[in-house]
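# Structure at a glance
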Amino acid sequence: MQSEQIQAHSQKKILNCKDIIVKFGEFTALNKFSFHIDRKEIHFLIGPNGAGKTTFLDVLCGLTKITKGKAVFDNDYDLNGKPEFEIARMGIGRKFQAPTIFPYLTVQENLEIAMKQNKKVFSILKAKMTKKEKEKLDKQMETIGLTKQKTLIAGNLSHGQKQWLEIGMVMMQEPELLLLDEPIAGMTEEEEEKTGKLLQELKKQCTIIVVEHDMDFVSKYAERVTVMHEGALLSEGSMEEVQNNDKVKEVYLGSKGAV
Ligand SMILES: Nc1ncnc2c1ncn2[C@@H]1O[C@H](COP(=O)(O)OP(=O)(O)OP(=O)(O)O)[C@@H](O)[C@H]1O
Ligand SMILES: [Mg+2]
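The following refers to the structure shown. (Residues numbered from 1 in each chain as written. Chains lettered and ligands numbered in written order. Predicted model: local features only at pLDDT ≥ 70, side-chain atom pairs only at ≥ 80, totals over all residues. Heavy atoms only, no water.)

### Considering the environment of Ile66
Within the fold, Ile66 resides in the loop between α2 (53-60) and β4 (68-73). Placed 45 residues apart in sequence, Ile66 and Ile21 show a C-alpha to C-alpha distance of 6.3 Å. If we ignore the near neighbours within four places in the chain, the residues touching Ile66 are Ile20, Ile21, Val22, Val59, Ala71 and Asn80. (Helix = DSSP H or I, 4+ residues; strand = E, 2+ residues; numbered from the N terminus. Contact = heavy atoms within 4.5 Å.)

### Some details on the packing of aromatic side chains
Enumeration over the complete set of coordinates arrives at five aromatic pairs. With a centroid separation of 4.9 Å and an interplanar angle of 80°, the aromatic rings of Phe33 and Phe56 are classed as edge-to-face. Placement of the pair is Phe33 in strand β2 (residues 27-38) and Phe56 in helix α2, with a sequence separation of 23 residues. In this structure, Phe33 and Phe56 share a single accessibility class: buried. Three or more aromatic residues joined by ring pairs form one cluster here, namely Phe33, Phe35 and Phe56. In this structure, Lys82 is placed above the aromatic ring of Tyr77, and the distance from its NZ or CZ to the ring centre is 4.9 Å. (Phe/Tyr/Trp six-rings, centres within 6.5 Å; stacked < 30°, edge-to-face > 60°. Buried < 20%, exposed > 50% of the residue type's maximum accessible area, 1.4 Å probe, protein only. Lys NZ or Arg CZ within 6 Å of the ring centre and 35° of its normal.)

### Quick look at empty space enclosed by the protein
Evaluation of the coordinates by the stated rule reveals one cavity of 30 Å³ or more. Of the volumes computed, that of the largest cavity is approximately 40 Å³. Forming the walls of the largest cavity are Val59, Gly62, Thr64, Lys65, Ile66, Leu79, Asn80, Gly81 and Lys82. Looking at the lining of the largest cavity, its residues break down into three nonpolar, four polar and two charged. (1 Å grid on protein atoms, 1.4 Å probe; cavity = no way out; pocket = protein on both sides within 12 Å on 5 of 7 lines; lining within 4 Å. Points joined across faces, edges and corners; volume = space filled by probe spheres on them. Nonpolar A, V, L, I, M, F, W, Y, C, P; charged D, E, K, R; others polar.)

### Overview of the sheet that holds strand β8 (residues 207-211)
Taken in spatial order, the six strands make up an open sheet running β6-β7-β8-β3-β9-β10, and their pairing is mixed. Bordering the open sheet on either side are β6 (92-95) and β10 (232-237), each of which pairs with just one other strand. The mean inter-strand angle of the sheet, taken between neighbouring strand axes irrespective of direction, is 20°. Of the pairings in the sheet, the one linking strand β3 (residues 42-46) to β8 comprises four bridges and is parallel in character. Counted as the bridge partner of His43 is Ile209 from β8. The sheet contacts of α2 involve β3, β6, β7 (177-181), β8 and β9 (224-229), and relative to β7 the element is tilted by about 150°. The sheet strands contacting helix α11 (residues 246-253) are β3, β9 and β10, and the helix crosses β10 at an angle near 120°. (Pairing = 2+ DSSP bridges. Axes fitted to C-alpha atoms, helices over the stretch in contact; angles between N-to-C directions.)

### Here's the deal with the sheet that holds strand β5 (residues 77-78)
Strand order in this open sheet of four strands is β2-β1-β4-β5, and the pairing throughout is antiparallel. Edge positions in the sheet fall to β2 and β5, since each of these pairs with one other strand and no more. The pairing of strand β1 (residues 13-24) with β4 spans five bridges and is antiparallel. Bridged to Ile21 within β4 is Lys68. Lying over the sheet, α2 contacts β1 and β2, oriented at roughly 115° with respect to β1.

### Topic: the packing of helix α4 (residues 107-115) against helix α6 (residues 131-143)
α6 packs onto α4 with a crossing angle of 120° between their chain directions and a minimal axis gap of 10 Å. Between α4 and α6, the interaxial angle falls into the category oblique. α4 and α6 meet at a crossing whose hand is right-handed. For the pair formed by α4 and α6, the contact residues are Val107, Gln108, Leu111, Glu112 and Met115 on the first element and Glu133, Lys136, Leu137 and Met141 on the second. In the contact of α4 with α6, the residues fall into five nonpolar, one polar and three charged. (Parallel < 35°, antiparallel > 145°, perpendicular 65-115°, else oblique. Left-handed = near helix turned anticlockwise from the far one by under 90°.)

### A closer look at the site of ligand 1
The environment of ligand 1 is formed by 13 residues, the closest being Gly50, Lys53, Thr54, Thr55 and His213. Note that an oxygen atom of ligand 1 is positioned 2.8 Å from one of the side-chain N or O atoms of Asn49. Here Lys53 contributes a side-chain N or O atom positioned 2.7 Å from an oxygen atom of ligand 1. Breaking the shell around ligand 1 down by element, the ones donating at least two residues are β2 and α2. The leading source of residues in the shell around ligand 1 is α2, at three residues. In terms of residue class, the shell around ligand 1 is made up of five nonpolar, six polar and two charged. (Near = heavy atom within 4 Å. Polar contact = N/O pair within 3.5 Å; in protein donor to acceptor, adjacent residues only side chain to side chain.)

Fair warning: the whole summary comes from geometry, so function is off the table for now.
Given below as structure tokens:
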């Protein structure tokens, strides 16, 4: 597709990626991978270990540079060569696998810092929040289900609660596109269930891409699914469509006992 065509096609899309190649030296981690997502969609990215899922998220948040190909966000913002801070400011929020919360601060303080990321920690905590900021913080705390824990030290939260807090911290920046890498890893069943509900709630606020290995979770919450294999697109569609795809059965789902 020519660049004008990509742009026209992307009007409805929040993200449009075409033939992305990422090389680490001689190794090709993404091999002409194409991907698109509509606004307010929740899209799951699945595939065997080493398929390139995390690398793709790294590309989208500016952590890894594209070797070749095109990634366009929000109709006309070309992600190629853009620094992480600028991409974050443009509206792509990334939650990493390991929580990066401030363990010695409270839940509320963590969210407050996330809201005013451009200031220094101590000046943030000294400065009073405006009424509007306070409302925004309280609303997000409610969404992530941590209102009761607001004065608790974040380091004392359960694993699941830490994950939700970090999702809340990313959401304080009001991203248009939220990227989550294996959000339920290490969670109890109850925490998984709560995370699923949280994703459905967050979908009202932004578009979400979730990398996940747990097929029960994917089946339950996915609208569309993209399957990656060896850095390339293997299949894309509804969960049912990809589950019935022979190539997907062969390289991925078969090995997981999911078919
Ligand atoms: N910085 C890097 N340098 C060299 N190779 C890398 C680098 N980052 C990733 N790779 C390689 O790229 C391939 C894709 O890795 P990636 O982490 O994207 O896979 P993944 O689909 O997220 O796998 P998993 O399900 O295990 O998390 C792997 O073979 C990995 O070893
Ligand atoms: Mg990964």
